[in-house]
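Coordinates in review
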Amino acid sequence: MTPRTRAALAAAGVVLGVLAASERVAAAHTTPAPDPRLDEARALAAAGEKDRAAALLSERLSAAPDDPAVLDLLGQVEIARLRPDRAAPMFQRLTELNPDVFATYARLGEAFILEGRLADAAATYRRLAARFPRNSQVASALAALEEDDARIGRLRRTYGRLGWAVGGVSLFWIAAFAFAVRRISSPPKPGA
Amino acid sequence: MKAPGVAPGPAAFFLVTLSAAVGFAMMLVEITATRLMAPFFGTSVYTWTNVIAAIMAALAGGYYLGGKLADRWPRVETALFVVLTSGLLTALVPLTAPGLSGALSPAETTLVSTTPLLVRTSLLVTLVVFAPPVFFMAALSPVVVRLLCLRRDVGWASGVNSAAATIGAILGTFAPTLWLVPALGSRKTVLLAAALQLLLALGGFIALRRWRPAAVAALGVGALAAVGLAASAPLRDAPGLVEEQETRYQYARVVHHDSQTELKLESEVGGCQSLLLEGSYLTGGAYYDHALLMPFFAGKPAGAPLKVLVIGLGAGTVARQYYHFWGPLQKLTVVGVEIDPALPDLGRRHFRLDESVAKGLRVVAADGRTFLAMSPERFDVILIDVFSHEVFIPFHLATREFFDLVRRHLTPGGVVGMNVVVERFPSRLLDALEGTVADVFGAVWHEKLPGAFNVQLLAAGDGRLDVLGARGRLAAYPPATTPIAEGAALRTLLEQGIDQVARYSPPPGGLVFTDDRAPVEKLTMRDLERFVEVQ
């Protein structure tokens, strides 16, 4: 892993860690509307049975496609299942439904990083930085991501150039070899 | 054209000796090639493939050209000029290989995902630096055969030459691995190969009274002596370099920066294999910290024996942590298996491994699989943290047969954890690994480490991982009766980790690694290439 990507991911992790702690506190002081199916999904997720939790939440989502609580929980479960490709659409939909929730952008950014979509992650963090300009963690995560994205771009170009270099050197050796063989094969001069 | 040939006797003996010496030098160069490039490009199977393929191409070309040379100038001088040229080109290798490798290793090599790039770069360096001397070494053989067979039968000449060259090559295969590289280092080993060729050429030219080429050979030998004395600078200098070592298995270096000491192997820049943070037993949420989660799943009662096996001990980061965080609570025994004995030695010097040894750590120098096959011991926790060539898990430590061995070494209630590094999800490598573990244990879980691309695979000997029970035990850690420094910090960290634990359901018909078919490196490389392509 690149130090920079690690920094970005770690920054995202810190952001999410703070969020998780604050959510635990919030959960302890609020009484959400009872939702036995969500509770069941949460219990399954806590027991490590995230496949079953995802199935339950997907079923619930088909009945209520824009339920923010389901979208958020399902997105988090998919991240834990190492399926950021499935999590990203959940968080994207959440940002459309409620563009002012900090956590959603942070989670969307993490999903993009895990999927390897650094440019999309940087775009997400840019939106987050625009909405929360005083958050230094977001700014540092964004800077790290942008630098990583630029590095990867240079890497791809170098990758292509190296292919040409290998081909060029190979052709050079083949030409030198053919030249040497031809010179050696020519008949010796009289008296040599 | 009638050629003078070589009569049986000292000249023929000299030519056969020349063949043997060049065969010896050829293998020294080939084997040392990967070691010289390792600090920059690693030594993955792909790097090896590049070296072997490029050298085989040079051999083919050299044999052909040697045949032409032999027909055109069937003289002993021809053989000597060929050896002089290959000797001089070999002498350049220790200078050009690190220089060119360093120049072609841009800042992007800080990315593990540059592995595909490094593969191409290593091919380029092999073609430019290592192929030319090997080309001329190969050219010697037809010349020697031609000279010998003018006075003897072709079959005899060809057979004697091939046998001598092959015996030299056998010695050249063993010598660098077992003796030369550990004793002299890669650069001096290659210089030795060059010196051998140049000295033989020098002797031959003197015997023939060819003073001008003899002077060139003598100058070459003199230059080699000077370069050899200077070849003590680090192979790959880096800020904070504390110690570097060419072990029998790999290039290892210890780097210190920002109050932390890291053990890095091969071309590794971004990651590390062992880590020590000054004033702390934790490692900032790295994999090692999360390896401490496993005993919560094993659920051993307080004070009960807890036997832990670490496959891939490195410099002993995890062992040190286990003795600190679990030692006061359990009758702890840690067995650390490490294939490269040089790494625990580095651990003693730079990672406080002696503290763990004093507390009971048993260090075993062995391959992890061999150890399991030979050992009758059973363990409550088995941790697998094995990487060869930075990112590649050795295939024989990823197969159904290996995990079956692991399962048979678990106590009832025992658990296993395996560190995997994945650059992009979903990952076919991870899918196959999880499918393999599930095939053996009946079920597999994974923990995505927060803020990292590491994934810890988890399985239990009885197929049931008690996640809720582990949560409960974690919540009570550390017990009020036994204060443990940084215990609360560890609990907070592991609570974030256990939130990420997820059971994995392998797709039906998915790939299961076996000893017969385990394309671990191919899948790793494909994941890394996709990471670059997706940008």
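Since this is a predicted model, take the numbers as computed values, not measurements.

About the thresholds
- Residues numbered from 1 in each chain as written.
- Chains lettered and ligands numbered in written order.
- Predicted model: local features only at pLDDT ≥ 70, side-chain atom pairs only at ≥ 80, totals over all residues.
- Heavy atoms only, no water.
- Helix = DSSP H or I, 4+ residues; strand = E, 2+ residues; numbered from the N terminus.
- Buried < 20%, exposed > 50% of the residue type's maximum accessible area, 1.4 Å probe, protein only.
- Contact = heavy atoms within 4.5 Å.
- Areas by Shrake-Rupley, 256 points an atom, 1.4 Å probe, with all protein chains shown as cover.
- Lys, Arg positive; Asp, Glu negative; His and termini not counted.
- Charge placed at Lys NZ, Arg CZ, Asp CG, Glu CD.
- Pairing = 2+ DSSP bridges.
- Axes fitted to C-alpha atoms, helices over the stretch in contact; angles between N-to-C directions.
- Polar contact = N/O pair within 3.5 Å; in protein donor to acceptor, adjacent residues only side chain to side chain.
- Core = buried A, V, L, I, M, F, W, Y, C linked by side-chain atoms within 4.5 Å.
- Expected span 1.5 Å × (residues − 1).
- pLDDT = per-residue confidence, 0-100.

1. Observations concerning the overall build of chain B
Within chain B, the secondary structure is distributed over 18 helices and 12 strands. Its C-alpha atoms give chain B principal-axis dimensions of roughly 95 × 50 × 50 Å. When the 535 residues of chain B are sorted by exposure, 60% land in the buried category. Intrachain contacts of chain B at a sequence separation of at least 6 include 76% that bridge at least 24 residues. With the model as given, the accessible surface of chain B reaches about 19600 Å², and the carbon-plus-sulfur share is 61%. Between the centroid of the 44 positive side chains of chain B and the centroid of its 43 negative side chains there is a distance of 8 Å.

2. Side note on the sheet that holds strand β3 (residues 260-265) of chain B
All names here are of chain B. Strand order in the open sheet formed by 4 strands is β1-β2-β3-β4, and the pairing between neighbours is antiparallel. The open sheet has two edge strands with one neighbour each: β1 (241-246) and β4 (274-277). The average angle at which neighbouring strand axes cross in this sheet is 10 degrees, direction not considered. In this structure, β1 lies alongside strand β2 (residues 251-257), joined through 5 bridges in antiparallel fashion. Bridged to Glu246 within β2 is Tyr251.

3. Here we look at the side chain of Thr399 of chain B
All names here are of chain B. Topologically, Thr399 is positioned in the loop between β8 (379-384) and α14 (400-408). Thr399 gets classed as buried once you look at its relative accessible area, which sits at 0%. A polar contact of 3.4 Å, which involves the side chain of Thr399, links it to the side chain of Arg369.

4. Quick notes on the nonpolar core
Residue and element names in this part refer to chain B. Of all hydrophobic cores here, the largest spans 157 residues; its most connected members are Phe130, Ile384 and Leu433. Take this core: its biggest share by element is 19 residues, from helix α4 (residues 115-149). Once residues lying within four places of it in the same chain are set aside, the contact partners of Phe130 are Val29, Ala33, Leu36, Met37, Val93, Ala97 and Val125. Among the nonpolar cores identified, the runner-up in size contains 47 residues, and Leu313, Leu361, Leu449 and Leu465 belong to it.

5. Looking at helix α4 (residues 68-80) of chain A
With 13 residues, α4 of chain A ought to run about 18 Å at 1.5 Å a step, and its terminal C-alpha atoms sit 18 Å apart, in line with that. By the burial criterion, the buried members of α4 of chain A are Val70, Leu71, Asp72, Leu73, Leu74, Gly75, Val77, Glu78, Ile79 and Ala80 of chain A. In this structure, the buried residues of α4 of chain A make contact with α2 (36-46), α3 (50-63), α5 (84-97) and α6 (102-115) of chain A together with β10 (444-448) and β12 (501-504) of chain B. With its phi angle positive at about 65 degrees, Leu82 of chain A sits one or two positions after the end of α4 of chain A.

6. Quick word on the confidence of the model for chain A
Detailed reading of the predicted coordinates is not advisable wherever pLDDT is low. Per-residue confidence for chain A gives a mean pLDDT of 80, with 79% of residues at or over 70. Low pLDDT (under 50) marks residues 20-30 of chain A, which in the prediction has 3 contacts with non-local residues, meaning those over four places away or in another chain.

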